[in-house]
Amino acid sequence: MSLYASLSTLPPDALLGLMTAYREDKRAEKFDLGVGVYKDEAGNTPILSAVKKAEARLIAAQDTKVYEGPRGNVDFCTHVEDFVFGAGAPARTEGRTLSFTAPGGCGALFAGTSLMRRMGTKKVWVSKPTWPNHPNVVRSLGLVVGEYRYADPETGTADRAAMIADLSQAAPGDGVIIQGPCHNPTGIDLTLEDWRALGAFARERGLAVMLDVAYHGFAGGLADDMAGVQAFLAEAGEGMVAYSCSKNFGLYRERAGCFMALGEAPEGIAAATTHVADIGRATWSMPPAHGAGIVATILGDKALRAEWETELTSMRERMISLRKALADALVERTGSNRLASLTTQNGMFSQLPITPEGAKKLREELGLYMPASGRINIAGLNMGDIPRVAEILATAL
Ligand code: LMR
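In this text, all values refer to a predicted model and were calculated from it rather than measured experimentally.

Caption draft 1: How the structure looks around the site of the ligand. Taken together, Leu 15, Val 35, Gly 36, Trp 131, Asn 184, Tyr 215, Lys 247, Phe 349 and Arg 375 make up the full set of residues near the ligand. Within the contact set of the ligand, an oxygen atom lies 3.0 Å away from a side-chain nitrogen or oxygen of Lys 247. When the ligand sits alone it has 260 Å² of accessible area, and the protein chains cover 79% of it. Residue assignment places the shell around the ligand across two domains, with domain 1 (14-47 + 305-394) and domain 2 (67-300) each supplying three or more.

Encoded structure:
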């Protein structure tokens, strides 16, 4: 009997399976609104010019490939802490924060969820709906997944009352993952008031909250996008943050992420630091250097940073124009205003009221690829395709 006989075959990961199926599709007309990757008007995902320059500089200056150490690139960590906690935050000089380079935002989520488990967490709550890899990470660590309602489908806005009602069932010490700006898959974001109220609620209930920030700069800009996260942390007093540079620096395959935590006392953070180091050691042993090195080079250089910010702004503005054009085309095609809310949502994703069967039909019959959840990647569109994409989507709406 084979060693592997007890294993059942798993279905492919929904998004990765879609990516492969799209690549293999030989039809002349096909549209990829699946995996969350930014594409330009020509359908390419070019390397940002600031990244190209930083990479060239990095390679020219690099004289060793020796390990950097458990925290990875310390300059990178400092820059990301500047974004998240603020450059002059007293908590940082008081030893109440920690930061580690992680293999992508998902590595940071894994580190944070592992830390929750070491703190005694048994259950981790995620928004319903959420990025499918959130429950995947939680389950892979042997923890139970809880779900909290997130948005009101009627109004297309975040539903704080429903979130708090569901999270009221959480026990003290339960984990909660809350997404920062540009919620995946809905594009519906929390207001500043929501963030404050959730921070106060988390403190009162003793919840172990991790904020997942994967699209910093894609909603309203670098400062605006961090206002909610900072308001939450100010109210909660403690919390964890997983930060990804995959999207805003276009570094997808380089796996540049950062795990951070804020605590009320330096002693707790000092202990947590030893655990995060131990979690990293037991999994990836040492964090990857290249992507974090690129980000540190960009953020540490005035001219490169300005160039990156210009490129980030142009990605954000292009997504906003695509949203508007798609919303207009869908309103016209469907004769209904209900999808006008696409323009009030943020970032790469929105979720359309399309059933899993509808999504399957669009893929099989009309070559439009989207996950069964009805999520579309706005950043995968281009202006030229919008009339035809709207025509196809309208058949399922
Ligand atoms: C997505 O949601 O499409 C992206 O975050 C890519 C991924 O890894 O799933």
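The structure having been displayed, the exposition proceeds.
Caption draft 2: Broad picture of unusual backbone geometry. For the bond running from Lys 128 to Pro 129, omega is 5 degrees, close enough to zero to count as cis. With a phi angle near 65 degrees, Ser 285 is a residue other than glycine that sits in the positive phi range. Mapped onto the fold, Ser 285 is located in the loop between α10 (266-283) and α11 (290-299). Judged by its relative accessible area of 26%, Ser 285 falls in the partly exposed class.

Caption draft 3: Highlighting a nonpolar patch on the surface. Where nonpolar side chains cluster on the molecular surface, the patch consists of Leu 3, Tyr 4 and Leu 7 and spans about 420 Å² of accessible area. On the secondary structure map, Leu 7 appears in the segment before α1 (14-24). Leu 7 sits in the exposed class, given a relative accessible area of 62%.

Caption draft 4: Region of interest: the sheet that holds strand β9 (residues 239-244). Pairing is mixed in the open sheet, where 7 strands are placed in the order β2-β10-β9-β8-β7-β3-β4. Two strands lie at the open edges of the sheet, namely β2 (97-103) and β4 (144-149), each paired on one side alone. Shown here is a sheet whose adjacent strand axes are inclined to one another by a mean of 25 degrees, direction ignored. Pairing analysis gives 6 bridges linking β9 to strand β10 (residues 256-262), with the strands arranged antiparallel. What sits directly across from Val 241, in β10, is Met 260.

Caption draft 5: Main features of the packing of aromatic side chains. Per the counting criterion, the structure on display carries 7 aromatic pairs. Taking the centre distance of 6.2 Å and the plane angle of 20 degrees together, the rings of Phe 83 and Tyr 243 count as stacked. In this pair, Phe 83 is assigned in helix α3 (residues 74-85) and Tyr 243 in strand β9, connecting sequence segments 160 residues apart. Judged by its relative accessible area of 11%, Phe 83 falls in the buried class. With a centroid separation of 6.3 Å and 45 degrees between ring planes, the pair formed by Phe 83 and Trp 308 is classed as tilted. Taken together, the residues span a long stretch of sequence, with Phe 83 in helix α3 and Trp 308 in helix α12 (residues 302-334) at a distance of 225 residues.

Rules used in this analysis
Residues numbered from 1 in each chain as written. Predicted model: local features only at pLDDT ≥ 70, side-chain atom pairs only at ≥ 80, totals over all residues. Heavy atoms only, no water. Near = heavy atom within 4 Å. Polar contact = N/O pair within 3.5 Å; in protein donor to acceptor, adjacent residues only side chain to side chain. Areas by Shrake-Rupley, 256 points an atom, 1.4 Å probe, with all protein chains shown as cover. Domains from an automatic or database assignment. Helix = DSSP H or I, 4+ residues; strand = E, 2+ residues; numbered from the N terminus. Buried < 20%, exposed > 50% of the residue type's maximum accessible area, 1.4 Å probe, protein only. Patch = residues over 30% accessible without salt bridge, like charges linked within 9 Å, V, L, I, M, F, W, Y side chains within 5 Å. Salt bridge = Lys/Arg side-chain N within 4 Å of Asp/Glu carboxyl O. Pairing = 2+ DSSP bridges. Axes fitted to C-alpha atoms, helices over the stretch in contact; angles between N-to-C directions. Phe/Tyr/Trp six-rings, centres within 6.5 Å; stacked < 30°, edge-to-face > 60°.

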